[in-house]
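Understanding the architecture of this molecule
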Amino acid sequence: MEKQIADEINLILAECIENGMIPFDDSIPDIRDKAIRRSENLGLIKRKNKGAYEISKEGLNVLDFDGGVQEYLLNIKTKEKEEDLIRDLSIKDLKGNIFQFKLVWLFFVLNVIASFIAGNFELVSKWFDLIR
């Protein structure tokens, strides 16, 4: 984000707190118009009526943040990356657990077969003699 727009967004949010709203009309400077549009897209301000905006909960969070809107957005991106990493690691762990679960069943079935053969060795040996 451009520094001018970020500074203007910080001013808009401070003005919203001070006055309870910011007016919006067609005669505002271009940089302020861009900042208002960007603030609305980010959910920092919301329309109060046709010609005014008020601050939202997200906007209040930005004001609580020391570095202003740029630091706030950077913090959000960092949190999203951490959540994605945690989600990816969780999926890998679950896949590993499912694989281990499948191996346990395979081991169980092989164990049952081996137990049957060991318990009925004479019967199994006669069966093999019949096959030959």
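Residues numbered from 1 in each chain as written. Predicted model: local features only at pLDDT ≥ 70, side-chain atom pairs only at ≥ 80, totals over all residues. Heavy atoms only, no water.

So, about the overall build of the protein chain. Helix and strand counts for the protein chain stand at five helices and three strands. Listed by position from the N terminus, the elements making up the protein chain come as α-β-α-β-β-α-α-α. Against the 2.2 N^0.38 benchmark of 14 Å for 132 residues, the protein chain shows a C-alpha radius of gyration of 33 Å, more extended than a compact globule. Put simply, the protein chain has 132 residues, and 20% of those count as buried. The contacts in the protein chain between residues at least 6 apart in sequence include a share of 52% that link residues at least 24 apart. (Helix = DSSP H or I, 4+ residues; strand = E, 2+ residues; numbered from the N terminus. Rg over C-alpha atoms; globule rule 2.2 N^0.38 Å. Buried < 20%, exposed > 50% of the residue type's maximum accessible area, 1.4 Å probe, protein only. Contact = heavy atoms within 4.5 Å.)

So, on to the sheet that holds strand β3 (residues 52–55). Strand order in the open sheet formed by three strands is β1-β3-β2, with antiparallel pairing between adjacent strands. Looking along the sheet, the strands with just one partner apiece sit at the ends: β1 (22–23) and β2 (45–49). Two elements, β1 and β3, share two bridges in a ladder whose sense is antiparallel. Note that in β3 the partner of P23 across the bridge is A52. Helix-sheet contacts for helix α2 (residues 30–42) involve β1, β2 and β3, and the interaxial angle to β2 is about 105 degrees. (Pairing = 2+ DSSP bridges. Axes fitted to C-alpha atoms, helices over the stretch in contact; angles between N-to-C directions.)

So, about the pattern of salt bridges. Counted by the stated rule, this structure contains six salt bridges. The partner of R32 in a salt bridge is E8, with the nearest N and O atoms 2.6 Å apart. Taken together, the residues R32 in helix α2 and E8 in helix α1 (residues 3–19) connect sequence positions 24 residues apart. By relative accessible area, which is 14% here, E8 ends up buried. A single network of salt bridges, built from pairs that share partners, joins E8, E15 and R32. (Salt bridge = Lys/Arg side-chain N within 4 Å of Asp/Glu carboxyl O.)

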